[in-house]
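Structural characterization, general
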Amino acid sequence: MATQIEIDDHITVGALAEVLRLPVSKLIGELFKNGIMATINERLDFDTAQIIVGELGLDVTLTKKVSYTEPVKREKPQHGKNAAQRPPVVAVMGHVDHGKTSLLDAVRGASVAKGEAGGITQHISAYQIEHKNRLITLLDTPGHEAFAAIREHGAHLTDIVVIVVAADDGVKPQTIEAIRFARKAGVRIVVAINKIDKEGANENQVKQQLAEQELLVEEWGGDIVAVPVSAKTKQGIPELLDMLLLITDVEELKADATMPARGLIIEAHVEHGRGSIAHALIEEGTLKVGDFVVAGPAYAKIRNLETTKHEPITSAGPSTPVIITGFKALPEFGDPFIIVKTEKEARQQATIAASERSSGQRSEISGTEMLRLITRKDNLQELAILVKADVQGSLTSVIDSLKTIDTDEVAVRVVSSSVGVVNENDIHIAHSSKAIVYGFNTSVASNVKRIASRDQVSIRLYNVIYELIDDVKAELSELLSPEVIEHEIGTLEVKGVFKTTKTEIICGGEVKSGKLVAPAEVRIFRGKEQIAEAKLKGLKRGPNDARDLTEGELGGLELQTVGRIALEVGDTIRFFTRETKQRTL
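Residues numbered from 1 in each chain as written. Predicted model: local features only at pLDDT ≥ 70, side-chain atom pairs only at ≥ 80, totals over all residues. Heavy atoms only, no water.

This part is about the overall build of the chain. A count of helical and extended segments in the chain gives 14 helices and 34 strands. By the burial criterion, 47% of the 585 residues in the chain qualify as buried. Looking at the chain alone, contacts between residues at least 24 apart form 72% of all its contacts between residues at least 6 apart. (Helix = DSSP H or I, 4+ residues; strand = E, 2+ residues; numbered from the N terminus. Buried < 20%, exposed > 50% of the residue type's maximum accessible area, 1.4 Å probe, protein only. Contact = heavy atoms within 4.5 Å.)

Written out as structure tokens, the structure is:
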């Protein structure tokens, strides 16, 4: 009976070797054989540990230690005496084309969807609206499948998730994904059933599909609020906003505005003339111009503070989205930020965070990656690319999406990735690594284009993420070895062998099936066993050359061989043609 060993979700190579009672060198050797350069301190996830135990052939069964933190429940923070009611932070999610951004446009009287490339939201955007003299903070999250990383962050930033479902289309894959994100974040869910004014709208069908995802609406005995709305006619929008304020009151959403601010970076990019720009959401406290803020390995003395409408302000309180300038380096998407007292303290904390991040990122190997490395072919073809994007969130989503299209035959290798315009250094890196430069929502100066042309570096700029992904797929498809398709055209039974050399056979026989046409490939069989392969160079009908021989005819063959083949009377020759077809991902 296999020995059962209980381990955590993640375990270092050294710790795994210890529990398996193996020399750590043996475990590292097994990882190395499977294409993983590992050290004793590398962290493996549970799936990877299982794979390695299987590869080692050990009579051991790994089990995961029971986690008492699941399912995720968001605990209400303990508020002090200074805590006061704050605006709710509401993430709006939904399947692409279900009218999510149009609904938000109707709420705030703007038009974003027309300005977004391809009519698809491609960044997290945050803004505040006023309803019945109260503020609501709204986060618009991208709906295309490639933006899963941004959407997941959107769910974790919020108190309430509004999931938009088109009444004429129903629950779709990204709807289900949004539900999963919201559950994982432990937030309240409200469903906006949009497009109720359209022909084919079916609210009951949507509610049934929601029930299949274990979201039971109130009128069906559940606790999920579903509000029918129309972004086009604005029907139901006041009721939706009323519901958001009601949930705010029930949940007692409060924050202390008197303490130093803390919150999250929701977007970051480099702006010409202004440097590193961060869009942040304040969770608690008050953020002021002149504060020293630390976000992961980046820090700043706040030079300018603006609303998301680019209006200058001197301070901002809880649940407020703001724009910050003054960062020494670009903060990362999703990083929490805090306020410290001095620039020296800010610099120290940023340095510590940078050190921890670089050591932690060395290589946490996932089970999926491990499986891919174990099963991949030795002749894996790689496409080298360099990625530039306008903001950190987009960069994350592009790279995450590219990872999903790797196969065991072809894969993307990102040689460099960063935020900003395509610059001269990018061209040098791409030239030395023979990489294609992909830019997403960014640009390239004319002098950089000239350098790229001189160095024969391809620069491809896109404003719609799925078009960029499709281009990479097309490039990877070019690296796939073509599919070889064989078509059998006929068979012949050998009746006589007239000449045999190392490179040629002259023989004759009867066509048993099909139509023989030269040139063609041949396989020679003795009974059921294949004994050789050759090429058909020519055909004869009697003493004359023939273009073809059909079933029932007698004729002569000229075969080209590699090495001497002992052809005998009674052997069967099968004739076929080969064609190659380009494969695609």
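Spatially, 4 strands are ordered β24-β23-β25-β26 in an open sheet, and the strand pairing comes out parallel. If you trace the sheet from one side to the other, it starts and ends with β24 (410-419) and β26 (459-462), each paired once. The average undirected angle you get between the axes of adjacent strands in this sheet is 25°. Pairing of strand β23 (residues 381-389) with strand β25 (residues 436-440) involves 5 bridges; the strand directions are parallel. Opposite Leu 386, over in β25, you have Val 437 as the bridge partner. The sheet strands contacting helix α14 (residues 465-479) are β23, β24, β25 and β26, and the helix crosses β25 at an angle near 165°. (Pairing = 2+ DSSP bridges. Axes fitted to C-alpha atoms, helices over the stretch in contact; angles between N-to-C directions.)

Following the criterion strictly, the structure yields 0 aromatic pairs and no others. Directly above the ring of Phe 525 sits Arg 574, whose terminal nitrogen or CZ lies 4.3 Å from the centroid. (Phe/Tyr/Trp six-rings, centres within 6.5 Å; stacked < 30°, edge-to-face > 60°. Lys NZ or Arg CZ within 6 Å of the ring centre and 35° of its normal.)

Moving on: the sheet that holds strand β9 (residues 160-166). One open sheet holds the 6 strands; their spatial order is β7-β8-β6-β9-β10-β11, and the pairing between them is mixed. Of all strands in the sheet, those bounded by a partner on one side alone are β7 (125-131) and β11 (225-228). When the angles between neighbouring strand axes are averaged without regard to direction, this sheet yields 25°. With 7 bridges connecting them, β9 and strand β10 (residues 188-194) associate as parallel partners. Of the residues in β10, the one forming a bridge with Val 161 is Ile 189. This element, helix α4 (residues 100-108), spans β6 (89-94), β7, β8 (134-140), β9 and β10 of the sheet and lies at about 155° to β8.

Buried within helix α7 (residues 203-212) we find Val 206, Lys 207, Gln 209 and Leu 210. The buried residues of α7 all sit within an arc of 160° when viewed along its axis, so they share a single face. Away from the buried face of α7 by more than 90 degrees, exposed residues Asn 204 and Glu 212 are located. You can read the cap of α7 off the contacts: a side-chain oxygen lies 3.3 Å from the backbone nitrogen of Asn 204, and it is on Asn 202. (Arc of directions from axis to C-beta. Polar contact = N/O pair within 3.5 Å; in protein donor to acceptor, adjacent residues only side chain to side chain.)

Turning to the pairing of β23, a few remarks are in order. In terms of burial, β23 is largely enclosed, as 7 of its 9 residues are buried. By the bridge criterion, 9 bridges tie β23 to β24 in an arrangement that is parallel. Across the sheet, Glu 382 pairs through a bridge with Ala 411, a residue of β24. One crossover worth recording links β23 to the parallel β24 by way of helix α11 (residues 392-403), and it is right-handed. (Right-handed = clockwise from strand over helix to strand, strands pointing away.)

On the surface, Arg 303, Lys 328, Lys 344 and Arg 347 cluster together to form a positively charged patch. With respect to the secondary-structure elements, Lys 328 resides in the loop between β20 (321-327) and β21 (336-340). (Patch = residues over 30% accessible without salt bridge, like charges linked within 9 Å, V, L, I, M, F, W, Y side chains within 5 Å. Areas by Shrake-Rupley, 256 points an atom, 1.4 Å probe, with all protein chains shown as cover. Salt bridge = Lys/Arg side-chain N within 4 Å of Asp/Glu carboxyl O. Lys, Arg positive; Asp, Glu negative; His and termini not counted. Charge placed at Lys NZ, Arg CZ, Asp CG, Glu CD.)

Here the focus is the nonpolar core. Val 161, Ile 163, Ile 189, Val 191, Ile 193 and Leu 210 are the most contacted members of the largest nonpolar core, which has 27 residues in total. When residues of this core are traced back to their parent elements, those giving at least two are β6, β9, α6 (173-185), β10 and α7. Of all hydrophobic cores here, the second largest spans 26 residues; its members include Val 190, Ala 192, Val 229 and Met 243. (Core = buried A, V, L, I, M, F, W, Y, C linked by side-chain atoms within 4.5 Å.)

Take the environment of Val 517 next. Here Val 517 is to be found in strand β28 (residues 504-517). Taking relative accessible area as the criterion, Val 517 reaches 35% and is therefore assigned partly exposed. Placed 27 residues apart in sequence, Val 517 and Gly 490 show a C-alpha to C-alpha distance of 9.0 Å. When near neighbours in sequence (up to four residues on either side) are disregarded, Val 517 contacts Ile 489, Leu 536, Leu 539, Arg 547 and Asp 548.

Relative to each other, α11 and α14 sit at 35°, their axes nearing to 11 Å. In the crossing of α11 with α14, the sense of the turn from one axis to the other is right-handed. When α11 is examined against α14, the residues Ser 397, Val 398, Ser 401 and Leu 402 are found in contact with a partner set consisting of Ile 465, Leu 468, Ile 469 and Val 472. A per-class count over the contact of α11 with α14 returns 6 nonpolar, 2 polar and no charged. (Left-handed = near helix turned anticlockwise from the far one by under 90°. Nonpolar A, V, L, I, M, F, W, Y, C, P; charged D, E, K, R; others polar.)

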